[in-house]
There are 2 protein chains.
Amino acid sequence: MRLSEYFSMNKTIVEAKLDNLIQSQADIPVIHNAMKYSLLAGGKRLRPILTIMASSLFDGNVDEVMPFACSLEMIHTYSLIHDDLPAMDNDDYRRGKLTNHKVFGEGFAILAGDALLNMAFEIMHQALIDNPKLENIKAAAYISKASGTQGMIGGQCIDLYYEGKCIDLNVLNAMHDKKTGALIRASLVAGALISGAKDEDVKRLEKFGQLIGLAFQISDDILDVEGSTEKLGKLTGSDANNNKSTFVSYYGLAKSKEMARDIIEEAQNIIGFYGDKGLLLKELSNYIIERDI
Amino acid sequence: MRLSEYFSMNKTIVEAKLDNLIQSQADIPVIHNAMKYSLLAGGKRLRPILTIMASSLFDGNVDEVMPFACSLEMIHTYSLIHDDLPAMDNDDYRRGKLTNHKVFGEGFAILAGDALLNMAFEIMHQALIDNPKLENIKAAAYISKASGTQGMIGGQCIDLYYEGKCIDLNVLNAMHDKKTGALIRASLVAGALISGAKDEDVKRLEKFGQLIGLAFQISDDILDVEGSTEKLGKLTGSDANNNKSTFVSYYGLAKSKEMARDIIEEAQNIIGFYGDKGLLLKELSNYIIERDI
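Residues numbered from 1 in each chain as written. Chains lettered and ligands numbered in written order. Predicted model: local features only at pLDDT ≥ 70, side-chain atom pairs only at ≥ 80, totals over all residues.

**Q** Would you take a moment to explain the overall build of chain A for this structure?
**A** Within chain A, the secondary structure is distributed over 14 helices and 2 strands. Relative to the compact-globule value of 19 Å for 293 residues, chain A shows a C-alpha radius of gyration of 18 Å, a close match. Expressed as lengths along the three principal axes of its C-alpha atoms, the size of chain A is roughly 50 × 50 × 35 Å. A buried classification covers 52% of the 293 residues belonging to chain A. (Helix = DSSP H or I, 4+ residues; strand = E, 2+ residues; numbered from the N terminus. Rg over C-alpha atoms; globule rule 2.2 N^0.38 Å. Buried ≥ 20, exposed ≤ 12 C-beta atoms within 10 Å, placed from the backbone.)

See below:
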């Protein structure tokens, strides 16, 4: 199967499952609407699809990884809602739609984010009750660590702290590695752990995740300069306008593109270990630097 | 042991454990400082102490329940930080100290709340790796459900939705039952589950928790009218000034006090089942309506 077909098929499956999981149990419909608005606002569903792909390296059962895959998308979505708030990035648009707080107000946007983070754990815990094997507990633990102060929240803290300040390249790397990389690694590792991966497999997927996460961020910075506002659903050139330090502002366009290609080559060497089973992940890593959204 | 000694001793143990758990692993110290500021800002530590008390009904091991007890305090603390934000209750003081966002700014206050909620799950997951028994997973699941849209977040949504609006008594009850009651029930049930409670014990503790949670809220409303600003660490009379619906505004002071006493009597009948082992919980329920803070 080609990557585009695989993505399209799994995006449909993941979105149906998310829709099903988010059925309202709230007394106040506005919180449910606010959660659903951002959770079902499109997006590539990269994290859950990485979980499914990693699982298939070890012939995992897609039904077993699905709650964890959906939880990762919920955690990603909550982080976007909170990042967009006036006290953080103060963004009015995301994926071409008004941001959550512009539609539901700041109070409900904060609560919708809290609720999505919380729901991610509710879903994982139900999955652990259904199948309390240690590897699944380890997957939940890995995800929670990756989304905390040592991972995603830590990265957002670095971002907020350095807002409007000059940021050194090591810090820029650390910020992206935590803010974006940690959850991408967790998506791969969770799928692998649940499906019986060994320690050395986990290390391989961590390294692969670190590399594609970095390449993803470099290509984001490139797209901010070269991309189309229409396709991205947000204004391009905003990094330069906001005086934001990016890989492009450090290295220039040509060198950034070269770096992204080298990083992806290294990632592909790692995933080459799995031969044909790793072909989709290999193709995915190409897509990361060739995408236009 | 008398209740006051028990509280004092366990408060010291819980706070030392919280202090230990919150050791910084963040690159940006401000997030660690913001988390610690609110987590170690005092308070009764009611929830973790309820977990320890419930555990002792079933001769539980305090070391086994401690991570869950501390997680409950982290979840409670995050909810206070987010509730105090300008987009929610917009409070400047909490327990006599400036609220989190007044000290660290709104962005870091939102992130500190997110990080405490997340850390609660990190800690529970590590405890589950250390001891992956099904009852402990069920305790984590119960806690996550109680803190979500069907529990605490749901209650906060009702509160925010009805801000400045007249609130009907059923809604007032539902709001408090979710906003405060759910986590109190979870504190008791988690301690019980981990320590080998049976289904009928869980039902008993849920009912006991529901009743003391309700009495706690009624006594809060009474304290807002009768309490001392100095002891409470926040302004009294604020409910009336904000036109807030409370049990006192519905029933008046005398009837509210009578209701609180009746509810506590019912709670004590339930806990009476455990004889001498339940004496501390019985004494605690008295304290709830007799406290002055």
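Don't stop here, the text continues.
**Q** Whenever I open this one, the confidence of the model for chain A confuses me. Can you help?
**A** When pLDDT is low, close inspection of the predicted coordinates is not appropriate. Overall, the predicted model of chain A reaches an average pLDDT of 93, with 96% of residues at or above 70. Interface confidence for the predicted complex, given as ipTM, is 0.95, next to a pTM of 0.96. (pLDDT = per-residue confidence, 0-100.)

**Q** What should I look at first to understand the relation of the copies chain B and chain A in this one?
**A** Take chain B, turn it by 180°, move it 0.0 Å along the axis, and it overlays chain A with an RMSD of 0.0 Å. One copy is carried onto the other by what is essentially a two-fold rotation axis. Here 100% of the interface residues in chain B have copies in chain A that are interface residues too; the copies meet face to matching face. (Least-squares fit on C-alpha atoms with pLDDT ≥ 70 in both. Contact = placed C-beta atoms within 7 Å.)

**Q** Can you help me understand the environment of A:Gly181 in this one?
**A** Residues and elements named next belong to chain A. With respect to the secondary-structure elements, Gly181 resides in helix H9 (residues 169-194). Sequence separation between Gly181 and Lys257 is 76 residues, and the spatial gap between their C-alpha atoms is 19 Å. If we ignore the near neighbours within four places in the chain, the residues touching Gly181 are His176, Gly209, Gln210, Gly213 and Leu214.

**Q** What is the right way to read the environment of B:Ala112 from this model?
**A** All names here are of chain B. Considering the arrangement of structural elements, one finds Ala112 in helix H6 (residues 106-130). Overall, the presence of 30 C-beta atoms within 10 Å leaves Ala112 in the buried class. Residues Ala112 and Ile31 lie 81 residues apart in sequence; the distance between their C-alpha atoms is 6.0 Å. When near neighbours in sequence (up to four residues on either side) are disregarded, Ala112 contacts Ile31, Ala34, Met35, Ser38, Ile81, Asn100 and Phe104.

**Q** Help me understand the interface of chain B and chain A in this model?
**A** A common way to report how large an interface is uses the accessible area buried once the components associate. Contacts between the two partners involve 46 residues from chain B, matched on the other side by 46 residues from chain A. Those elements giving two or more residues to the side of chain B that touches chain A turn out to be helix H2 (29-39), H6, helix H7 (134-146) and helix H8 (152-161) of chain B. The element contributing the most residues to the side of chain B that touches chain A is H6(B), with 16 residues. Tallied by class, the residues present in the side of chain B that touches chain A amount to 27 nonpolar, 13 polar and 6 charged. (Nonpolar A, V, L, I, M, F, W, Y, C, P; charged D, E, K, R; others polar.)

**Q** I tried to follow unusual backbone geometry on my own but got confused; where do I start?
**A** Across the chain, the bulk of peptide bonds are trans and the bulk of non-glycine residues have phi less than zero. Residue and element names in this part refer to chain A. Here Asp59, not a glycine, exhibits a phi torsion of approximately 55°, which is positive. Here Asp59 shows up in the loop between helix H3 (46-57) and helix H4 (62-84). Residues other than glycine seldom take positive phi values, yet Asn90 does so here, at roughly 55°. For Asn90, the location among the structural elements is in the loop between H4 and strand E1 (93-94).

**Q** Which parts of the structure should I look at to understand the environment of B:Tyr162?
**A** Residues and elements named next belong to chain B. Within the secondary structure, Tyr162 sits in the loop between H8 and helix H9 (169-194). Judged by the 17 C-beta atoms lying within 10 Å of it, Tyr162 is partly exposed. Separated by 52 residues in sequence, Tyr162 and Ile110 place their C-alpha atoms 22 Å apart. Not counting residues up to four positions away in its chain, the partners in contact with Tyr162 are Ile167 and Val171.

**Q** Sorry if this is basic, but what is going on with the packing of helix H6 (residues 106-130) of chain A against helix H7 (residues 134-146) of chain A here?
**A** Between two packed helices, the angle of one axis relative to the other and the distance separating the axes together describe the packing. All names here are of chain A. Two numbers describe how H6 lies on H7: the axes approach to 9 Å, and their chain directions differ by 170°. Between H6 and H7, the interaxial angle falls into the category roughly antiparallel. Of H7, the residues touching H6 (which contributes Met124, Ala127 and Leu128) are Asn136, Ile137 and Ala140. (Axes fitted to C-alpha atoms, helices over the stretch in contact; angles between N-to-C directions. Parallel < 35°, antiparallel > 145°, perpendicular 65-115°, else oblique.)

**Q** In this structure, what is going on with H9(A)? I would like to understand it.
**A** Owing to its 3.6 residues per turn, the α-helix aligns residues three or four sequence positions apart on the same side. Residue and element names in this part refer to chain A. Here H9 spans 35 Å end to end across 26 residues, near enough to the 38 Å set by a 1.5 Å rise per residue. The sharpest bend along H9 measures roughly 45° and falls at Gly181. Most of H9 is tucked away, with 21 of its 26 residues classed as buried. (Expected span 1.5 Å × (residues − 1). Bend = angle between axes of the 7 residues up to and from the residue.)

**Q** Looking at this model, I keep getting lost on the packing of helix H2 (residues 29-39) of chain A against H6(A). Mind explaining?
**A** Residue and element names in this part refer to chain A. In the contact formed by H2 and H6, the axes pass within 9 Å of each other and the chain directions differ by 70°. As judged from the angle between their axes, H2 and H6 are roughly perpendicular. For the pair formed by H2 and H6, the contact residues are Val30, Ile31, Ala34, Met35, Ser38 and Leu39 on the first element and Phe108, Ala109, Leu111, Ala112, Ala115 and Leu116 on the second. When its residues are assigned to classes, the contact of H2 with H6 shows 11 nonpolar, 1 polar and no charged.

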